[in-house]
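Architecture and fold: a report
Next come the chains, spelled out residue by residue.
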Amino acid sequence: MIPSEIRSMLKFFIVWIIVSTQAQVTQSAPAVAMNVEKNSKVWVSMAVCLDRNTHTRGKAKHPYNEATLLNAQRWHEQVGAKVIVFIITNNPNAHNISPVRQLRAKQIAVEIRPALNSFDCPTTSQIIRMWAHAIPYIKNEDIIVMIDVDAFPISKEVLSPIVRFPSKKAWVWQHIYSEQSGATFPMSIIALRSKDWALVLDKCDIFRDAKCFKSLLKRSLPEGYNKITIWGADQNIITRQLLFHNICSVNNRKVWDKVGLSYKPFDDSETCFHGGEGHRHSGMEPSNRQWLHMSVSNTIEDVKRVLEVLDRKRDSSASPRPLKRNFPASPRAHKIKLPFTTEEI
């Protein structure tokens, strides 16, 4: 027979272990990984040109390569999404270079591709990420999220619109920006299911059918394209196709004009998530936004410092109270169903 004092202590510690374990699971498990639809995954798709930077908009020295390594890891480890990175390079030994090895060591999917015919390496990196749906290990029901390599998650809840509005066909985080400014939909952040990316892009196989892609590009850039207008062509393509296929609408006529479509806004309340001001990114100053975007004036060290401050703030706000204040007064007080009866101890 176990003495009553020991039985009391055993009950106390068993209850405490159960409560503590439940709290740790709730706090540490990635929100997205826990809540996506059954048999589907969330993929973040990004791409980088390793050979050189674009010289457009002062980005010749922008730290894209370093940003990619840091960013892919954050989306995977902190948000809970799977990540695919397209590496665009003409290097025949790219499989063995350090950035590729580092990404794969972090369980990041890496696809190494040369530049598309008639397009340079930076332009290819912008465009090719939209074709993640063509990669065989990404399934039809998987959700693919477009991200710039220098758009970093701050909160685990950054992809919560996918969880909160699962019946939508498309989620456009910065829809309000296009509504107000007349700009095309920013690529960060846009999400669709893999099968819907294929549909929206007219089932065009960019890896095998260059003519199909050029036709799509021509329709999306009604004024033609050159080295200047080709930058941002990815936004024109996805904006036009979401409008054309009646998935996402916008009430600013300038958006329709930019992609060569007649102004015909429609009710997209069933098909499209419209992100508001709170879904937009922050700059490099600490804020309550859920993700941040680098500018050309930032270094990767700037990003690391800001993320460190924001991570500390998040972790401190989520930290449990001291252990002695977490001890329950009794099992009944917390309504926990124990896997035993008190008589069994």
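Quick caveat, the model's predicted, so the values are computed rather than measured. (Residues numbered from 1 in each chain as written. Predicted model: local features only at pLDDT ≥ 70, side-chain atom pairs only at ≥ 80, totals over all residues. Heavy atoms only, no water.)

Of all hydrophobic cores here, the largest spans 47 residues; its most connected members are Met130, Trp197, Phe213 and Leu242. The element best represented in this core is helix H10 (residues 233-244), accounting for five residues. Contacts of Leu242, omitting those with residues within four sequence positions, involve Ala170, Val172, Phe185, Leu192, Val200, Ile247, Cys248 and Phe266. Val44, Trp75, Val100 and Trp231 belong to the second-largest nonpolar core, a separate cluster that totals 32 residues. (Core = buried A, V, L, I, M, F, W, Y, C linked by side-chain atoms within 4.5 Å. Buried < 20%, exposed > 50% of the residue type's maximum accessible area, 1.4 Å probe, protein only. Helix = DSSP H or I, 4+ residues; strand = E, 2+ residues; numbered from the N terminus. Contact = heavy atoms within 4.5 Å.)

Let us look at the pairing of strand S4 (residues 143-146). Of the two faces of S4, the one carrying Ile143 and Val145 and the one carrying Ile144 and Met146 are both buried. As judged from the four bridges shared by strand S1 (residues 42-49) and S4, these two strands associate in the parallel manner. Paired with Ser45 across the two strands is Met146, which belongs to S4. (Pairing = 2+ DSSP bridges.)

Relative to the assigned elements, His293 resides in strand S9 (residues 291-293). Residues His293 and Asp150 lie 143 residues apart in sequence; the distance between their C-alpha atoms is 5.9 Å. Those residues in contact with His293 that sit more than four places away from it in its chain are Asp148, Asp150, Ala151, His281, Ser282 and Gly283. Polar side-chain contacts of His293 include one of 2.9 Å to the side chain of Asp148. (Polar contact = N/O pair within 3.5 Å; in protein donor to acceptor, adjacent residues only side chain to side chain.)

Before going further, it helps to spend a moment on the packing of helix H9 (residues 210-220) against H10. One can describe the packing of H9 onto H10 by two numbers: an axis separation of 9 Å at closest approach and a directional angle of 85°. Looking at the two axes, H9 sits roughly perpendicular to H10. The residues of H10 that touch H9, namely those facing Phe213, Leu216, Leu217, Arg219 and Ser220, are Ala233, Asn236, Ile237, Arg240 and Gln241. Of the residues belonging to the contact of H9 with H10, the class tally is five nonpolar, three polar and two charged. (Axes fitted to C-alpha atoms, helices over the stretch in contact; angles between N-to-C directions. Parallel < 35°, antiparallel > 145°, perpendicular 65-115°, else oblique. Nonpolar A, V, L, I, M, F, W, Y, C, P; charged D, E, K, R; others polar.)

Among the eight residues of S1, eight are classified as buried, and the element is accordingly described as predominantly covered. Side-chain alternation along S1 places Val42, Val44, Met46 and Val48 on one buried face and Trp43, Ser45, Ala47 and Cys49 on a second face that is also buried. In this sheet, strand S2 (residues 82-88) lies alongside S1 in parallel orientation, the contact comprising seven bridges. For Ala47, the partnering residue across the bridge sits in S2 and is Phe86.

As for its position among the elements, Arg74 is in helix H3 (residues 64-79). By relative accessible area, Arg74 is classed as buried at 6%.

The next point concerns the state of the cysteines. The tally for this structure, following the rule as stated, stands at three disulfides. The disulfide that involves Cys49 links it to Cys121, with 2.0 Å between the sulfurs. Sign of the S-S torsion, about 120° for the bond between Cys49 and Cys121, identifies this disulfide as right-handed. Placement of the pair is Cys49 in strand S1 and Cys121 in helix H5 (residues 121-128), with a sequence separation of 72 residues. The residues Cys49 and Cys121 share a single accessibility class, namely buried. Here Cys204 engages in a disulfide with Cys212; their sulfurs sit 2.3 Å apart. For Cys204, a relative accessible area of 2% puts it in the buried group. Judged by its relative accessible area of 22%, Cys212 is partly exposed. Here the cysteine-cysteine linkages of the chain are recorded as 1-2, 3-4, 5-6, numbering only bonded cysteines and doing so in sequence order. (Disulfide = S-S within 2.5 Å.)

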